[in-house]
Amino acid sequence: NRVLVLHGPNLNLLGKREPEVYGTTTLENINDMLKGRAVDLGLELVFIQSNYEGKLIDAIQQAPGNYACIIINPAAFTHYSIAVRDALAAVNVPAIEVHLSNIYRREEFRHHSVISPIAIGQIAGFGANSYLLALEAAANLIESTNL
Ligand code: DQA
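Residues numbered from 1 in each chain as written. Predicted model: local features only at pLDDT ≥ 70, side-chain atom pairs only at ≥ 80, totals over all residues.

1. Some words on the UniProt feature "binding site: substrate" (unreviewed entry) in the protein
UniProt records the feature "binding site: substrate" (unreviewed entry) for Asn73, His79, Asp86, Leu100, Ser101 and Arg110 in the present numbering. In three dimensions, the annotated residues from a span of 38 residues occupy distinct locations, with a maximal C-alpha spread of 23.9 Å. Tracing the chain through its elements places Asn73 in strand β3 (residues 69–73). Classification of Asn73 by C-beta neighbours within 10 Å gives buried; the count is 27. Apart from residues no more than four positions distant in its own chain, Asn73 is found in contact with His7, Gly8, Leu11, Val98 and His99. By secondary structure assignment, the location of Ser101 is in the loop between β4 (95–99) and β5 (121–124). Those residues in contact with Ser101, other than ones at most four positions away along the chain, are Val21, Tyr22, Arg106, Ala124 and Gly125. (UniProt positions renumbered as here; feature names shortened; annotations may be inferred. Helix = DSSP H or I, 4+ residues; strand = E, 2+ residues; numbered from the N terminus. Buried ≥ 20, exposed ≤ 12 C-beta atoms within 10 Å, placed from the backbone. Contact = placed C-beta atoms within 7 Å.)

2. Describing the UniProt feature "site: Transition state stabilizer" (unreviewed entry) in the protein
Residues annotated by UniProt as "site: Transition state stabilizer" (unreviewed entry) correspond here to Arg17. Within the element layout of this structure, Arg17 appears in the loop between β1 (2–7) and α1 (19–22). Judged by C-beta crowding, with 14 C-beta atoms within 10 Å, Arg17 ranks as partly exposed. Discounting chain neighbours no more than four positions away, the residues touching Arg17 are Asn10 and Tyr22.

3. A closer look at the confidence of the model for the protein
For the protein, mean pLDDT is 97; residues scoring 70 or higher make up 100% of the total. The ipTM, which scores confidence in the relative placement of chains, is 0.99 for this predicted complex, and the corresponding pTM is 0.97. (pLDDT = per-residue confidence, 0-100.)

4. Regarding the site of the ligand
Around the ligand lies a shell formed by Asn10, Asn73, Ala75, Ala76, Thr78, His99, Leu100, Ser101, Ile103 and Arg110. Here the shell around the ligand is composed, by residue class, of four nonpolar, five polar and one charged. (Near = placed C-beta within 6 Å. Nonpolar A, V, L, I, M, F, W, Y, C, P; charged D, E, K, R; others polar.)

5. Structural notes on the nonpolar core
Residues Val3, Cys69, Ile70, Ile71, Ile96, Ala134 and Ala138 are the most contacted members of the largest nonpolar core, which totals 35 residues. Broken down by secondary-structure element, the contributors of at least two residues to this core are β1, α2 (27–41), α3 (53–61), β3, α4 (82–90), β4, β5 and α5 (129–145). Setting aside chain neighbours within four positions, we find Val3 in contact with Leu43, Leu45, Tyr67, Ala68, Cys69, Ile71 and Ala138. (Core = buried A, V, L, I, M, F, W, Y, C linked by C-beta atoms within 7 Å.)

Given below as structure tokens:
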């Protein structure tokens, strides 16, 4: 089973970007952590980070038939990209939304996600561990749909 892990804009800067909010773990660290856990879970992961909305949308459109699940941290697109939301809604691949920070205890403009109504669920606030929790959720989801 393959899972697509999508990282949105500015997440390539993790580690040096506002470390008091996002921690000091780099994106590479996060991807390595996920890869390690994926082996135990019997999942194959493909990672894409992009600062471009269209690149994320292209990846989502190509997901059907290739991936059992999408784990996505849409970053700032979370709050306003109807295009990313529509792409996720258009494909019949379940999506799990991830955030490092707890967006609900931050600035008001981060309190609303246009993605969550079409996601299976959202995990936010656990730092890099949010991604690991999302991977566990993906494994459970895939297992329950393959029964
Ligand atoms: C984020 C939260 C977003 O509000 C922000 O724009 C990001 C990262 C997070 O992982 O906490 O870039 O998605």
